[in-house]
Amino acid sequence: MKILLPPTPLGERRPLPEGIRNLTIIGANGAGKTRFAKYLAAGLGEKAFRLSALQAIYRASQPQDEPGTLDALYLAAAKSPSFLSSNSATPFERLFALLLNDEIGALVQYKMARIEEEAGRAPHARVPRTRLDEVIANWEALFPSNQILREGGRLLFSRHGQADTYSQMRLSDGEKAVLYYLGGIQYAPHNAVVLIDTPEMFLHPTLQQRLWDTLEALRPDCRFIYITHDLEFTASRQGNGLLWVRGYDATAEGWDYTLLPRGEGISDEIYMAIIGARKPMLFIEGDASHSIDAKLYPLVFRDYTVKSLGSCDKVIESTRAFNDQRALHHLESRGIVDRDRRDDGEVSYLRGKNIYVPDVAEIENILMLEDVVRAVAAANGRDEDKVFRSVKKSIMGMFQKDLRTQAMLHTRHRIKRLMERRVDGKFNNINAFEEHLKGLAAELNPRGIYENLCREFSRAVQLDDYAAVLKVYNQKSMVPGSNVATLCGLSAAGDSYVRAVIAILRRDTPHSRRIRAAILRCFGLA
């Protein structure tokens, strides 16, 4: 669906680039971003659907029939035969009335289906899964110590191990906001554009990312547009388009706004935005739009603001520079770079400089960690032992075929590093430099290094040491070559396995916790 952005002060209407699916609109208080979003919604017509926990919890008024709202759905349902409560004062209460109305309607349909089944006029009737079922399942995933009970046509909340129960009206504002969004998102039309004003309102920072990851996973057909001035929330939406509203010109009836570039380094403007964040920084390789790093690491390192910088050199330099400025912003910075062909000495040096280096060669290998493969298989109802055995056999076979090529690549890397260290010394004159380089070829001993590596790699194959192979094997085609997607019951095409890992991590489940723990162990952090 083509989205046309509101006019500039010169009357120009720009289309939202096709590569941007979800969008975050940022701007200072009073910049006109809420008015910008309303104009945008009006242009979307029936495809626009608006949610705001702030209005839902506190706005006590008669429901309005404004299109694209839960109030409009409430009024439409009230005109037909229904079980709706007639005294719902706020949009939050009206949402609960809609959910319970749907629940009762589903139970009536189930009863009628059972009657038809018993009369032999219909097949086996199944209890339908309702919107309320989705709310309860996701609520208990986000708040593992809480549960929702159905009792006498109403909902009650309790904590595990406590006998006390209470209604939704006794929940905290943050808990009400979570319930409102979990229920409200399910009423958005198919392929809607969902606009959320102040999505961070009432929510603790540690909950924000998990909630919105859950909501986006619940409605993959929808596009999400967030309106916020919270930079920490903005940073949590990795991969979103980012639109900065600077101001509104009332005379020209247009907005001064800019779509910020994606996947670039840190400009002075963006650097100032980083300073405003409250989380420590984590700089990573790759670009913010397409790399696996940018999709994976924010879901694993949830206590960090994650920024993609492109090359490993930029990560290392930015981590150093940012930490040098701690007196200014009081934030810690760390980086992540692939291990690639670095030896233990290089890895130890980088870790001493606040750079995390995994115990596998590159980002693709992280996806192939044993517990990651097993968790994806189990999440898709497959025998994890059988799946992992097949994956391991494929990768060990690939490595055995590539063994000498890999040994040669590692040898070249080590020789290069040895030469750099040898040449980087300080010398007063050319004679001293020449003397220093005498015997360099013999000292480097490339054949000796190569043969040692071949023996080391062959030993890993003989011992069937899967972890040792992942540590040294640089092979971008490892995921498709291992057939892991098909073995896990996924499509063999494209990046289905990568998308499956990301989708699991967006939810708080035993499978996601297993994957996260495996990745953190790979960095020596668990």
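For clarity, every value in this text was computed on a predicted model and none was experimentally measured.

## Let's talk about the side chain of Arg237
Line of reasoning, step 1. Topologically, Arg237 is positioned in the loop between α8 (231-236) and β7 (241-249).
Line of reasoning, step 2. A distance of 2.9 Å separates polar atoms of two side chains, one belonging to Arg237 and the other to Asp213.
Line of reasoning, step 3. If sequence neighbours within four positions are ignored, Arg237 has contacts with Thr24, Gln209, Trp212, Asp213, Glu216, Tyr226 and Arg506.

## Here we look at the nonpolar core
As a rule of thumb, nonpolar side chains are buried together in soluble globular proteins.
Line of reasoning, step 1. Formed by 67 residues in total, the largest nonpolar core has its most connected members in Leu296, Phe301, Ile366, Met368 and Tyr497.
Line of reasoning, step 2. Counting residues per element, this core draws most heavily on helix α16 (residues 384-423), which supplies 10 residues.
Line of reasoning, step 3. Not counting the four nearest positions on each side in its chain, Met368 is found in contact with Val373, Val391, Ile395, Tyr466, Leu470, Met478, Val479, Ser482, Val484 and Tyr497.
Line of reasoning, step 4. Core analysis: the next-biggest nonpolar cluster, separate from the first, contains 46 residues, Ala77, Leu95, Ala192 and Val194 among them.

## As for a nonpolar patch on the surface
Line of reasoning, step 1. Together, Ile104, Val108, Met112 and Ile115 make up a nonpolar patch on the protein surface, roughly 330 Å² of accessible area in all.
Line of reasoning, step 2. When you line up the elements, Met112 lands in helix α4 (residues 91-118).

## Things to note about helix α7 (residues 205-218)
Line of reasoning, step 1. The terminal C-alpha atoms of α7, which comprises 14 residues, lie 21 Å apart, in line with the 20 Å expected from a rise of 1.5 Å per residue.
Line of reasoning, step 2. Most of α7 is tucked away, with 10 of its 14 residues classed as buried.
Line of reasoning, step 3. Residues of α7 that are buried include every one of Leu207, Gln208, Gln209, Arg210, Leu211, Trp212, Asp213, Thr214, Leu215 and Glu216, and no others.

## Focus: the packing of aromatic side chains
Line of reasoning, step 1. Scanning the entire structure with this criterion turns up 22 aromatic pairs.
Line of reasoning, step 2. Three or more aromatic residues link up through ring pairs in this structure, and these residues are Tyr180, Tyr181, Trp212, Phe224, Tyr226 and Phe233.
Line of reasoning, step 3. In this structure, Arg14 is placed above the aromatic ring of Tyr257, and the distance from its NZ or CZ to the ring centre is 4.9 Å.
Line of reasoning, step 4. Here the basic side chain of Arg131 rests over the ring of Tyr187, its NZ or CZ set 4.1 Å away from the ring centre.

## Some details on unusual backbone geometry
Line of reasoning, step 1. One non-glycine residue, Asn191, adopts positive backbone phi at about 60 degrees.
Line of reasoning, step 2. Positionally, Asn191 belongs in the loop between α6 (173-184) and β5 (193-197).
Line of reasoning, step 3. With a phi angle near 75 degrees, Phe202 is a residue other than glycine that sits in the positive phi range.
Line of reasoning, step 4. Inspection of the secondary structure assignment puts Phe202 in the loop between β5 and α7.
Line of reasoning, step 5. Accessibility expressed as a relative area gives 26% for Phe202, which makes it partly exposed.

## Some details on the environment of Leu520
Line of reasoning, step 1. Note on placement: Leu520 falls in helix α24 (residues 510-522).
Line of reasoning, step 2. Taking C-alpha positions, Leu520 is 8.8 Å from Pro358, a pair spaced 162 residues apart along the chain.
Line of reasoning, step 3. Look past the residues within four positions of Leu520 in its chain and what remains in contact with it is Val300, Phe301, Leu525 and Ala526.

## Considerations on the packing of helix α5 (residues 131-142) against α7
Line of reasoning, step 1. Interhelical geometry of α5 versus α7 gives an angle of 150 degrees and a closest axis separation of 11 Å. In terms of axis orientation, α5 runs roughly antiparallel to α7. When the axes of α5 and α7 are compared, the crossing they make is right-handed. In this structure, α5 contributes Glu134, Asn138, Ala141 and Leu142 to the contact, and α7 contributes Leu207, Arg210, Leu211, Thr214 and Leu218.
Line of reasoning, step 2. Its residues placed into classes, the contact of α5 with α7 shows five nonpolar, two polar and two charged.

## Re the packing of helix α10 (residues 292-300) against helix α23 (residues 496-505)
Line of reasoning, step 1. Relative to each other, α10 and α23 sit at 25 degrees, their axes nearing to 10 Å. Regarding the angle of α10 to α23, the classification is roughly parallel. Of the two elements, α10 crosses α23, and the hand of that crossing is left-handed. Residues Ile292, Lys295, Leu296, Leu299 and Val300 of α10 pack against Val498, Val501, Ile502 and Leu505 of α23.
Line of reasoning, step 2. Its residues assigned to classes, the contact of α10 with α23 shows eight nonpolar, no polar and one charged.

Rules behind the numbers
- Throughout this document, residue positions are counted from 1 along each chain, in the order its sequence is written.
- A pLDDT threshold of at least 70 governs which residues receive local features in this predicted model, and a stricter bar of 80 or more applies before side-chain atom pairs are shown or counted, although totals over entire chains, interfaces and linings include all residues.
- Excluded from the side-chain calculation are hydrogens and water; included are all heavy atoms of the structure.
- Strands are runs of DSSP state E lasting at least two residues, helices are runs of H or I lasting at least four, and both sets are numbered from the N terminus onward.
- Residues adjacent in sequence count toward polar contacts only when both atoms are side-chain atoms; beyond that, a polar contact is any pair of N or O atoms within 3.5 Å, and within protein one must be able to donate a hydrogen and the other to accept it.
- Contacts: residue pairs with any heavy atoms within 4.5 Å of one another.
- We define the nonpolar core as a collection of buried residues of types Ala, Val, Leu, Ile, Met, Phe, Trp, Tyr and Cys that are connected through side-chain atoms lying within 4.5 Å of one another.
- Residue burial is assigned from relative accessible area. The probe radius is 1.4 Å, only protein chains are included, and a residue is buried under 20% of its type maximum, exposed over 50%, and partly exposed in between.
- For patches, a residue must show more than 30% relative accessible area and have no salt bridge; joins then use 9 Å for like charges and 5 Å for nonpolar side chains, namely Val, Leu, Ile, Met, Phe, Trp and Tyr.
- Method for areas: the Shrake-Rupley scheme with a 1.4 Å probe, in which residue coverage is limited to the protein chains shown.
- By convention in these notes, a salt bridge is any Lys or Arg side-chain nitrogen within 4 Å of a carboxyl oxygen on Asp or Glu.
- Expected span of a helix: the number of residues minus one, times 1.5 Å.
- Planes of paired rings set the category: under 30 degrees apart is stacked, over 60 is edge-to-face and the rest tilted, where pairs are Phe, Tyr or Trp rings (Trp by its six-membered ring) whose centres lie within 6.5 Å.
- Only when the NZ atom of a Lys or the CZ atom of an Arg is both within 6 Å of the ring centre and within 35 degrees of the ring normal do we say a charge sits over the ring.
- Helix axes are fitted to C-alpha atoms over the stretch in contact, other axes to C-alpha atoms as well, and angles between N-to-C directions run from 0 to 180 degrees.
- Here roughly perpendicular refers to angles of 65 to 115 degrees, roughly parallel to angles under 35, roughly antiparallel to angles over 145, and oblique to all remaining angles.
- Take the far helix as your reference; a near helix turned counterclockwise from it by less than a right angle gives a left-handed crossing, and one turned clockwise gives a right-handed crossing.
- When residues are sorted by character, Ala, Val, Leu, Ile, Met, Phe, Trp, Tyr, Cys and Pro go into the nonpolar class, Asp, Glu, Lys and Arg into the charged class, and all the rest, Gly among them, into the polar class.

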